[in-house]
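Fold and geometry: a report
Now for the letters of each chain:
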Amino acid sequence: MPPERGSRTRPDRRTRAKPNRKTRMKPDRRARAGPGGPPRKAAPASQRKPPARPRAAATAIAVAAAEEERRLRQRNRLTLEEDKPAVERCLEELVFGDVEDSEDALLQRLRGPLVQVQEDSGDSEVENEARSDFPPQKKPVWVDEEDEDEEMIDMVNNRFRKNMMKNACESKLSKDELQKRLKEEFQHAMGGVPAWVETNKRKTSSDDESEEEEDDLLQRTGNFISTSASLPKGILKMKNCQDANAERPTTARISSVQFHPCAQVVMVAGLDNSVSLFQVDGKTNPKIQSIYLEKFPIFKACFSANGEDVLATSTHSKVLYVYDMLAGKLIPVHQVRGLKEKIVRSFEVSRDGSYLLINGVAGYFHLLSMKTKELISSMKINGRIAASTFSSDSKKVYASSADGEVYVWDVNSRKCLNRFVDEGSLYGLSIATSRNGQYVACGSNCGVVNIYNQDSCLQETNPKPIKAIMNLVTGVTSLTFNPTTEILAIASEKMKEAVRLVHLPSCTVFSNFPVIKKKTISLVHTMDFSPRSGYFALGNEKGKALMYRLHHYSDF
């Protein structure tokens, strides 16, 4: 028998010697001549057997090597098992199983028993196999009964929690109930759910639909420009609310109404020598606190920029009262060194909380430090000063004179930057700046309100107003921009119902304000917009702080 092809071509594994070339290239004897006859011819190519493939030979070699390795491993394992004591062998069988088990079986035992999954008729084999690969969820080793018991929180012995009790039965509340109660108190204090919470909810709900909307946007044509999100002009949606000072009525004139810059609180002060704080909810507006100043009819009261203090001046005194709401202390400032004013009435607080501006007589206005109440500098204009205000960045002061001129001063250098004549004005009464730094509004004694661009007031000597509002016929004594600079409130204390709301930037008046329902609005002396929730308050001659809820796009 001729040797096999695999054995002729395979090199010796031990010596790595190559096979003899002569032996490998030797022709087959069957192709030679038979005994006693001529040599045979080679078979045609179609009848020859193909040589064995090298890949099959390599596979056979790998299988033989794996078998030999398994046999040696088994022999070594049996040798080691003979040397181990019986206790150790028993322990290994309990943990790892029988030594005869394969590695796959050992891994399966370590994973734990698989959950039996009922294969639905509609599931494919691939899905069932993938589902069976997940190990089952393990149960806890033990359960602590104290963890399941709900902890009760004492509400009586804590002065902050005691105010949140609705009845005597709620002496103790669970954590979940206390959390709900805190949420209710927060929403009650803020006048509803804050806008940033609703924004986050809208963003979360719209994430899943973003891809579908993008695909739909690319598959159709048309006008994709929607209506503006700003406040529309013409008709203002609003509703009447309970008076802000309904729980503390008075017949004295309301001289100041202002909303707290941070909290949902409104302050009402008047000629009855009192300053009152009310919680704003639009329904009952419960009273928080009242401060009585003896023989001190209040001319103006105002919150500080951070909302921690209340400043108040009188109609016939040079004393400035500062009420610290956190400490509950009333601090009188009897005399400011260097301030030679017999009466301190009109003042303004800068929006950054650094300065206090006091309007004096003979054209003087004085700049004080808000922290120390010390005089920094005094500035003077021609004629008598009628009104003054800070710019939105608190770096400039706009002062309106009784001669109809407007002066712009730099706070740091105390120099006059510009001076111009308010167009058509003979006697200035009021001035206001918007919070976004875009507009300046000037009110005159003839009932005209000129709205200027703030940049033109700084650069031009004769700026032209954007629009002149002529809806009032008596002197404009009050001007107020809302926080979003979309509404300008104008009012006159010379005539009943002389109050209007101007839409910005169209500079048109809302036709449905004020709403008259069998009663008239008395003379308005003060007004303010709330930083949140869209409330608008008016203080009138009859001692009422009227309040409206404006259906503003950003609050509803």
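Residues numbered from 1 in each chain as written. Predicted model: local features only at pLDDT ≥ 70, side-chain atom pairs only at ≥ 80, totals over all residues. Heavy atoms only, no water.

Under the annotation held in an unreviewed UniProt entry, the protein chain carries the name U3 small nucleolar RNA-associated protein 18 homolog and is attributed to Rousettus aegyptiacus. In the Sequence similarities (unreviewed entry) part of its UniProt record, the protein chain is described as follows: "Belongs to the WD repeat UTP18 family." According to the UniProt record, the Subcellular location (unreviewed entry) comment for the protein chain reads "Nucleus, Nucleolus". (UniProt positions renumbered as here; feature names shortened; annotations may be inferred.)

Below, the discussion takes up the overall build of the protein chain. Helix and strand counts for the protein chain stand at twelve helices and 30 strands. The buried share among the 556 residues of the protein chain stands at 36%. If you take every contact in the protein chain between residues at least 6 apart in sequence, the share linking residues at least 24 apart comes to 45%. As displayed, the protein chain offers around 35900 Å² of accessible surface, 52% of which is attributable to carbon and sulfur atoms. (Helix = DSSP H or I, 4+ residues; strand = E, 2+ residues; numbered from the N terminus. Buried < 20%, exposed > 50% of the residue type's maximum accessible area, 1.4 Å probe, protein only. Contact = heavy atoms within 4.5 Å. Areas by Shrake-Rupley, 256 points an atom, 1.4 Å probe, with all protein chains shown as cover.)

On to the pattern of salt bridges, then. Any two side chains of opposite charge can pair, on the condition that their charged atoms come close. The final tally for this structure, using the stated rule, is eight salt bridges. In this structure, Glu-184 and Arg-181 form a salt bridge, with 3.8 Å as the shortest nitrogen-oxygen distance. Here the residue Glu-184 and the residue Arg-181 both occupy positions in helix H9 (residues 175-190), the gap between them amounting to three residues, near one helical turn. Note that Asp-272 is salt-bridged to Arg-248, the shortest N-O span being 3.2 Å. One end of the pair, Asp-272, is in the loop between strand E5 (265-270) and strand E6 (274-279); the other, Arg-248, is in the loop between strand E3 (238-240) and strand E4 (254-259), with 24 residues separating them in the sequence. Beyond isolated ion pairs, a larger network of salt bridges with shared partners links Glu-170, Arg-181 and Glu-184. (Salt bridge = Lys/Arg side-chain N within 4 Å of Asp/Glu carboxyl O.)

So, about the packing of aromatic side chains. Each aromatic ring pair is described using two quantities: the centre-to-centre distance and the angle formed by the ring planes. In total, this model carries seven aromatic pairs according to the counting rule given. Arranged with centres 5.3 Å apart and planes meeting at 75°, the rings of Phe-513 and Tyr-548 form a pair that is edge-to-face. In this pair, Phe-513 is assigned in the loop between strand E27 (508-509) and strand E28 (524-529) and Tyr-548 in strand E30 (residues 545-550), connecting sequence segments 35 residues apart. Comparing Phe-513 with Tyr-548, the two get one shared label, buried. Clustering of aromatic rings is evident, with ring pairs tying together Phe-513, Phe-529, Phe-536 and Tyr-548. Here Arg-345 stacks its cationic end above the ring of Phe-299, 5.7 Å away from the centre of that ring. The positively charged end of Arg-549 is found above the aromatic ring belonging to Tyr-535, 4.8 Å away from the centroid. (Phe/Tyr/Trp six-rings, centres within 6.5 Å; stacked < 30°, edge-to-face > 60°. Lys NZ or Arg CZ within 6 Å of the ring centre and 35° of its normal.)

Nonpolar side chains tend to gather and get buried jointly when the protein is soluble and globular. By size, the foremost hydrophobic cluster in this structure holds 19 residues, and its most contacted members are Val-499, Leu-501, Phe-513, Phe-536, Leu-538, Tyr-548 and Leu-550. At the level of secondary structure, the elements contributing two or more residues to this core comprise strand E25 (487-491), strand E26 (499-503), E28, strand E29 (535-540) and E30. (Core = buried A, V, L, I, M, F, W, Y, C linked by side-chain atoms within 4.5 Å.)

Here we come to the confidence of the model for the protein chain. Mean pLDDT over the protein chain stands at 79; residues scoring 70 or higher make up 69%. Every residue in residues 1-39 is under pLDDT 50, and counting partners more than four places away or in other chains gives 16 contacts. Every residue in residues 114-123 is under pLDDT 50, and counting partners more than four places away or in other chains gives eight contacts. (pLDDT = per-residue confidence, 0-100.)

Mapped onto the elements of the fold, Tyr-407 is located in strand E18 (residues 405-410). Separated by twelve residues in the primary sequence, Tyr-407 and Arg-419 place their C-alpha atoms 4.6 Å from one another. In contact with Tyr-407, other than residues within four places in its own chain, are Ile-381, Asn-382, Val-397, Tyr-398, Ala-399, Ser-401, Cys-416, Asn-418 and Arg-419. Within the structure, the side chain of Tyr-407 is placed 2.9 Å from the side chain of Glu-405, a separation counted as a polar contact. Side-chain polar atoms of Tyr-407 contact the side chain of Arg-419, separated by 3.5 Å. (Polar contact = N/O pair within 3.5 Å; in protein donor to acceptor, adjacent residues only side chain to side chain.)

Moving on to the pairing of E6. Of all six residues that make up E6, six are buried, and the element is covered over most of its length. In E6, alternate side chains face the same way, and those of Ser-274, Ser-276 and Phe-278 on one face and Val-275, Leu-277 and Gln-279 on the other are all buried. Bridge count between E5 and E6: five bridges; the pairing is antiparallel. Note on E6: the bridge partner recorded for Ala-269 is Val-275. (Pairing = 2+ DSSP bridges.)

Within the secondary structure layout, Thr-250 lies in the loop between E3 and E4. What makes Thr-250 buried here is its relative accessible area of 18%. A polar contact of 3.2 Å, which involves the side chain of Thr-250, links it to the backbone nitrogen of Ala-252. When near neighbours in sequence (up to four residues on either side) are disregarded, Thr-250 contacts Asn-245, Asp-272, Lys-542 and Gly-543.

On to unusual backbone geometry. In this structure, the amide linkage connecting Leu-504 to the following residue, Pro-505, adopts the cis form with an omega of 10°. Its place among the elements puts Pro-505 in the loop between E26 and E27. Phe-513 connects to Pro-514 through a cis peptide bond whose omega is 0°. The residue Pro-514 is located in the loop between E27 and E28 in this model. Its identity is not glycine, yet Ala-362 carries a phi of approximately 60°, on the positive side. By the secondary structure assignment, Ala-362 is in the loop between strand E13 (355-359) and strand E14 (364-369). One non-glycine residue, Arg-414, lies in positive phi territory at about 55°. Structurally, the position occupied by Arg-414 is in the loop between E18 and strand E19 (416-421).

Bringing empty space enclosed by the protein into the picture now. According to the stated counting rule, one finds three cavities of 30 Å³ or more in the structure shown. Here the lining of the largest cavity is built from residues that sort into six nonpolar, two polar and two charged. (1 Å grid on protein atoms, 1.4 Å probe; cavity = no way out; pocket = protein on both sides within 12 Å on 5 of 7 lines; lining within 4 Å. Points joined across faces, edges and corners; volume = space filled by probe spheres on them. Nonpolar A, V, L, I, M, F, W, Y, C, P; charged D, E, K, R; others polar.)

Extensive coverage of strand E16 (residues 385-390) is indicated by the burial of five of its six residues. Bridge count between E16 and strand E17 (residues 396-401): five bridges; the pairing is antiparallel. Of the residues in E17, the one forming a bridge with Ile-385 is Ser-401.

On to the side chain of Thr-389, then. By the secondary structure assignment, Thr-389 is in strand E16. Classification of Thr-389 by relative accessible area gives buried; the value is 9%. Setting aside chain neighbours within four positions, we find Thr-389 in contact with Glu-348, Lys-396, Val-397, Tyr-398, Ile-431, Ala-432 and Thr-433.

Next up on the list: the sheet that holds strand E12 (residues 347-349). Here we have four strands laid out as an open sheet, ordered E12-E13-E14-E15, and antiparallel in their pairing. What marks the edges here is a single partner per strand, and that holds for E12 and strand E15 (375-380). Direction aside, the axes of adjacent strands within the sheet are offset by 20° on average. Bridge analysis of E14 against E15 gives five bridges, and the strand direction is antiparallel. In the sheet register, His-366 faces E15, and the bridge partner there is Ser-378. (Axes fitted to C-alpha atoms, helices over the stretch in contact; angles between N-to-C directions.)

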